[in-house]
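Below are the chains, spelled out letter by letter.
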Amino acid sequence: MAFVPDHSERQVVRMKMKKMFIRLLDLDYLIAGLSLVILVLVTFAGVIFRYFLNNPIIWEEEIQLMMITWTIYFGASAAFRSGGHIAIDMIVDLFPEKVQKIFDILIFAVTTGVIVFLMLNGAALVNQFIRTNRVTNILHIPSQYVYIAIPAGCALMIVSNTMYFVMKMCATILQASLYLSKFCSHHKETENGFVWTS
């Protein structure tokens, strides 16, 4: 007879999987944060060595390029999940709420399409670097390690943007259901329809 876990065990497994998924998504915060710290430290050291010690760091630009790429793409993923991207919604706010929701769906579809386009082209670029064995000029870092952030970051962007969109839509549905329940609680059904009860 196969072992069937009870409800409490299934709930524990579900909670563990949820925590693992959240930690996996939080990788973009960690990678973007570490990349930014390294970028600042290398840039600061470059200024000190160039202008005070008169001995510039020749590999500084290669590390900066790599860290900027990683910071931008993984940071963008984190910003999607927290709703941190700048949105100019002045015109959208002029429309009724139902029309605004249509705009939200349209914006989500266009944004996802652009990110998918970037991800596919980024993956093609990385694949090209792998096939040609291209490396950086000074440190000889394989170029695919520099630009792998593009497809990886875009993949996380799609997940984060979808999560934010779903949560936004769910919040709208919940708000509507609460309004409906509040509306119904102040009314009672009769043969002639709903009448107000004080």
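Further up the page is the structure itself.
These notes cover the structure that comes with them. Remember, predicted model here, so these are calculated numbers, not experimental data.

**A short note on the packing of aromatic side chains**
Here's step 1: Throughout the structure, instances matching the rule amount to three aromatic pairs.
Here's step 2: Note on phenylalanine 108 and phenylalanine 165: the rings are 4.2 Å apart at their centroids and 10° apart in plane angle, and the pair reads as stacked. With phenylalanine 108 in helix H4 (residues 97–132) and phenylalanine 165 in helix H6 (residues 149–185), the pair connects residues that are 57 residues apart, well separated along the chain. Across the pair, phenylalanine 165 and phenylalanine 108 agree in class, each one buried.
Here's step 3: Taking the centre distance of 5.4 Å and the plane angle of 35° together, the rings of phenylalanine 129 and tyrosine 147 count as tilted. With a gap of 18 residues between them, phenylalanine 129 in helix H4 and tyrosine 147 in helix H5 (residues 143–147) connect regions that are remote in the sequence.

**Thoughts on the nonpolar core**
Here's step 1: With twelve residues, the main nonpolar core is built from Ala32, Leu39, Val42, Ile63, Met66, Met67, Trp70, Phe74, Ile141, Val146, Ala149 and Leu156.
Here's step 2: Counting residues per element, the ones that place at least two in this core are helix H2 (27–51), helix H3 (60–82) and H6.
Here's step 3: It is H3 that provides the largest number of residues to this core, a total of five residues.
Here's step 4: Setting aside anything within four residues of it in sequence, one finds tryptophan 70 in contact with Ile31, Ser35, Gly75, Tyr145, Val146, Ile148 and Ala149.
Here's step 5: Membership of the second largest hydrophobic core comes to eight residues, among which are Ala76, Ile150, Cys154 and Ile158.

Conventions we followed
- Residues numbered from 1 in each chain as written.
- Predicted model: local features only at pLDDT ≥ 70, side-chain atom pairs only at ≥ 80, totals over all residues.
- Heavy atoms only, no water.
- Phe/Tyr/Trp six-rings, centres within 6.5 Å; stacked < 30°, edge-to-face > 60°.
- Helix = DSSP H or I, 4+ residues; strand = E, 2+ residues; numbered from the N terminus.
- Buried < 20%, exposed > 50% of the residue type's maximum accessible area, 1.4 Å probe, protein only.
- Core = buried A, V, L, I, M, F, W, Y, C linked by side-chain atoms within 4.5 Å.
- Contact = heavy atoms within 4.5 Å.

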